[in-house]
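Descriptive analysis of the structure
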Amino acid sequence: MGGWSAFVTCCVWAILLLALFGDSLASSPEFDPYKVLRVSRHASQAEIKKVYKKLAREWHPDKNKSPGAEDMFIKVTKSYEILSNEERRANYDRFGQMDENQNFARAPQGFRHYHDSFYFDESFFHFPRTSRDFTDSKHLLQYNQYINEVLPDSFKRPYLIKITSEWCFTCIHIEPVWKDTVQELEPLGVGIGVVDIGYERQLANHLGAHRTPSILGLINGKVTFFHYAVVREHLRQFVESLLPQKLVEKVTDSSYLEFLNSWHEENKPRVLMFDVASNIPLLYKLTAFAYKDYVRFGYVDMGLTETSKVVQRFNINTYAPTMLLFKENTEKPADVIQARGMKKQIIDEFVSNNRFLLVPRLVNQKLFDELCPVKQFHRRRKYCVLLVTGEGEQFVSVNEAFFDFASSNTKEVLRFAYVYQRQQQPLCDTLLKKEDTTPPQVILLERRSATGRVLYRTVTGGWNGSDDDKHRLHEQLEILQRDPSYLTHDAMLPELNNEFASMFLIQWINTAYDYVAQFYFDLLYSNWREMMPVLSLIFSALFILFGTVIIQAFSDAGEDKPAKQKAADPPKTAESSPGQESTSSRPPKKNFVEVTELTDITYMSNLVRLKPGHINVVLILTDVSKQVLLRKFAKEVYSFSGSQTLHYSFLNVDKHSQWMDSLMESAPEARPSDCLENEEDSTSNKSDYTGHVLALNGHKKYFCIFRPVFTGEEAESSRWSDEDAGSSKASRSRSSSRQKATTLEIHHKLDRLGLWMERLMEGTLPRHYVPAWPGLDTITPQK
């Protein structure tokens, strides 16, 4: 704070001294700002500012009492004012003099910009102070105010914001234009803001403004810079360009009926504005933007012959602007205003009081919150009369009867609305489940909290639109207004669906279009400083992508060479000798599945002491089926072999016949209801577990089981020789065929193992828990 106070004090002294001696100093022929500040002609702005602060503190009259301190301080200050402004610095470098009477027309190309010849003179010290006090002071913005107030308000009206500073000389020249523009646009509803970049650097950086003067527009939270000549008409056109297109629809004799009758689809009242102007006035556009969520606006140009019928239809006075507001009844307007000088306050009050239909449809949570506000202790109660109905033709007469009843009961304490059950299914289910009724039904409710708690009661007798129903509803409303405890049910309502919300793809396309348009606009006006982060991100992504492709290309080329050299060699399998290893420095890719046998030696490490989160997939086989099942098993699980948490083993039941029975006894729910029969001539009733696959989690002590499923196609076709053989040769053929059929059946036992493995990875398989894993110590003797 001490440094800033000293800097401000220096600035005040500089202004006072320059007011007295600035003119003579600027026109002095020996005055050289580079020599005064002791910097080179190629010094940067940061260097100039640093030197100026040092010299200003050194020669300040309050601190330096030497006779020449005051003159030196004036020279330092004036030098900084010239060199800190790029345009004035360029003028000095080219002409060597900063006299306001200097004729710059002698330059080869001339200087036609009005601000090039401006410098400190007497007029500066009288004009800007009064301008800031009376025009800009009430519009000054702070960062917190912008975030909490201006930014949310930009969704209701556009803002025109000027970026300025105390030491901006060019800003002085646009002050008259800015003042006239503010006086014209602010009464129409345009928000005005002024940001002093010297005091609100954080806000200026947030807006992307890095130079003064700058003018920008803010609407719907989006910032757009103004890049044209600062003329009042240009600023007005800039504000109009910020507004969305088709806010106000132009209506003629051929389209006014369609415009009025579309209230049902959009669930909004319609406003017709009559005026004699070819272009829609900005006041109407701003009003349409402010109430775009509630009301649909149309404009009728009474000066056209194509609008004579609609003007006569509603008996409009052509000598004054008129606004008609229509609700459900398109034959007669619900409200009318007419005035020669249409003011914003009059229009706002007119639209705000009629922003809802007589019986609106609940289409989103925002509308529900405004129609049926939460009960406040200091306000009068408001009850919501809700019709739960449908969209079919059978509900048309029922809905119209409800509208007629609402039009004859316009008390402020009652709010009528309806909802389609198909569109708002969760809400309707919550309100109708206690009574177990079906639409159409009328429900009386009062909201008690913003979280969704309501008190409600269903009108007895349902709602068919008859006179008895209307009389019954009227009586119950009278009882409710006398006794609020008439609402007996309590419920928590879910949030309403937004029926008008656009699809995610459309939202994404609109967002992408906004970014592309902003990028093109910045590129068109060479706003490089603001575009630098985006360009840096794009080039960084391209560099990373290009580098990845290059590295991958060289990597693939290096891996292809050893593969071509060993193309003739047989592929390596799990049973290959460990001594046959590649001499390459890089380990070859794993093109096989390691399947180890589960024995009494490997049992503890592969199952009982398996790491947490790891699973051992075990294939159950016999000596006869070992080769066939292992090949099929490796083929089915190959695509899952990249997982670091899966291990593969096989268990020979010929060696350990008791293990599977012990496991099934530990988890009875895993045993099938009927055992699978694989061999027709089997003499044993013992369960055959050949082809079963177990996923064993040793740490958590559970397993998932895969049971073989036959496709049966090849197995059936392979039994052709059982019935046609009659000789000894046929007997040998039958034996060979039966052996082939058995091989095919064993092969098909694992047909659907891949699908089971996918479910295992997803975690959707049933799990069977065991108290402890059975032992694998004994080996069944060979028969």
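This text follows the structure it describes.
Scope of this entry: the structure provided in the associated data block. Nothing here was measured: the structure is a model prediction, and the numbers come from that model.

This part is about a nonpolar patch on the surface. A cluster of nonpolar side chains, Ile538, Phe539 and Leu542, forms an exposed patch at the surface whose accessible area comes to about 310 Å². Here Ile538 is to be found in helix α21 (residues 528-565). Judged by its relative accessible area of 39%, Ile538 falls in the partly exposed class.

Moving on: the sheet that holds strand β19 (residues 702-706). Pairing within the open sheet is mixed, and its 6 strands lie in the order β15-β17-β16-β18-β19-β20. The open sheet terminates on both sides in strands that have one partner only, identified here as β15 (595-597) and β20 (768-769). Bridge count for β19 against β20 is 2 bridges, and the pairing is antiparallel. The residue bridging Phe703 from the neighbouring strand is His768, located in β20. Packed on one face of the sheet, helix α27 (residues 753-762) meets β16 (615-621), β17 (646-652), β18 (693-697) and β19 and runs near 15 degrees to β18.

On to the state of the cysteines. Structurally, a disulfide amounts to a covalent bond that connects the sulfur atoms of two cysteines. Following the criterion strictly, the structure yields 1 disulfide and no others. What pairs with Cys372 in a disulfide is Cys384, and their sulfur atoms sit 2.3 Å apart. Of the two residues, Cys372 sits in the loop between α16 (365-371) and β10 (383-389) while Cys384 sits in strand β10, which places them 12 residues apart along the sequence. Residue Cys384 is classed as buried on the basis of its relative accessible area of 1%.

Okay, the packing of aromatic side chains next. With the rule as written, the count across this model stands at 18 aromatic pairs. Where Tyr52 meets Tyr80, the ring centres are 4.1 Å apart and the plane angle is 10 degrees; that geometry is what we call stacked. In this pair, Tyr52 sits in helix α3 (residues 45-58) while Tyr80 sits in helix α4 (residues 69-83), placing the two residues 28 residues apart along the sequence. The same class applies to Tyr52 and to Tyr80, which are both buried.

We now examine the nonpolar core. Membership of the largest hydrophobic core comes to 62 residues, with the highest contact counts inside it found for Leu160, Val248, Met273, Phe297, Met323, Leu431 and Leu445. Per-element tally for this core: the top contributor is helix α13 (residues 282-290), with 6 residues. In contact with Met323, not counting residues within four places along its chain, are Val271, Leu272, Met273, Asp335, Val336, Ile337, Met342, Ile347 and Phe350. Grouped together as the second largest cluster of nonpolar side chains are 27 residues, Ile615, Val617, Leu646 and Leu760 included.

Looking now at the pattern of salt bridges. It is possible for side chains bearing opposite charge to pair when their charged atoms get close. Enumeration over the complete set of coordinates arrives at 25 salt bridges. Notably, a salt bridge pairs Lys285 with Glu240, separated by 3.0 Å at the nearest N-O pair. With Lys285 in helix α13 and Glu240 in helix α10 (residues 232-242), the pair connects residues that are 45 residues apart, well separated along the chain. We classify Glu240 as partly exposed; its relative accessible area is 25%. Between Lys632 and Glu636 there is a salt bridge, and its shortest N-O distance comes to 3.2 Å.

Turning to the packing of α3 against α4, a few remarks are in order. It is the contact of α3 with α4, at a shortest axis distance of 10 Å, that shows an interaxial angle of 165 degrees. Overall, the two elements α3 and α4 adopt an arrangement that is roughly antiparallel. For the pair α3 and α4, the sense of crossing is left-handed. When α3 is examined against α4, the residues Gln45, Ile48, Lys49, Tyr52, Leu55 and Ala56 are found in contact with a partner set consisting of Phe73, Val76, Thr77, Tyr80 and Leu83. Class assignment of the residues belonging to the contact of α3 with α4 gives a composition of 8 nonpolar, 2 polar and 1 charged.

Running from N to C, helix α23 (residues 626-637) and α27 cross one another at 45 degrees; their axes reach a closest spacing of 9 Å. Judged on the interaxial angle alone, α27 and α23 are oblique. When you trace α23 past α27, the crossing you get is right-handed. Seen from α23, the contacting residues are Phe633, Glu636 and Val637; seen from α27, they are Leu753, Gly754 and Met757. Looking at the contact of α23 with α27, its residues break down into 4 nonpolar, 1 polar and 1 charged.

Parameters at a glance
- Residues numbered from 1 in each chain as written.
- Predicted model: local features only at pLDDT ≥ 70, side-chain atom pairs only at ≥ 80, totals over all residues.
- Heavy atoms only, no water.
- Patch = residues over 30% accessible without salt bridge, like charges linked within 9 Å, V, L, I, M, F, W, Y side chains within 5 Å.
- Areas by Shrake-Rupley, 256 points an atom, 1.4 Å probe, with all protein chains shown as cover.
- Salt bridge = Lys/Arg side-chain N within 4 Å of Asp/Glu carboxyl O.
- Helix = DSSP H or I, 4+ residues; strand = E, 2+ residues; numbered from the N terminus.
- Buried < 20%, exposed > 50% of the residue type's maximum accessible area, 1.4 Å probe, protein only.
- Pairing = 2+ DSSP bridges.
- Contact = heavy atoms within 4.5 Å.
- Axes fitted to C-alpha atoms, helices over the stretch in contact; angles between N-to-C directions.
- Disulfide = S-S within 2.5 Å.
- Phe/Tyr/Trp six-rings, centres within 6.5 Å; stacked < 30°, edge-to-face > 60°.
- Core = buried A, V, L, I, M, F, W, Y, C linked by side-chain atoms within 4.5 Å.
- Parallel < 35°, antiparallel > 145°, perpendicular 65-115°, else oblique.
- Left-handed = near helix turned anticlockwise from the far one by under 90°.
- Nonpolar A, V, L, I, M, F, W, Y, C, P; charged D, E, K, R; others polar.

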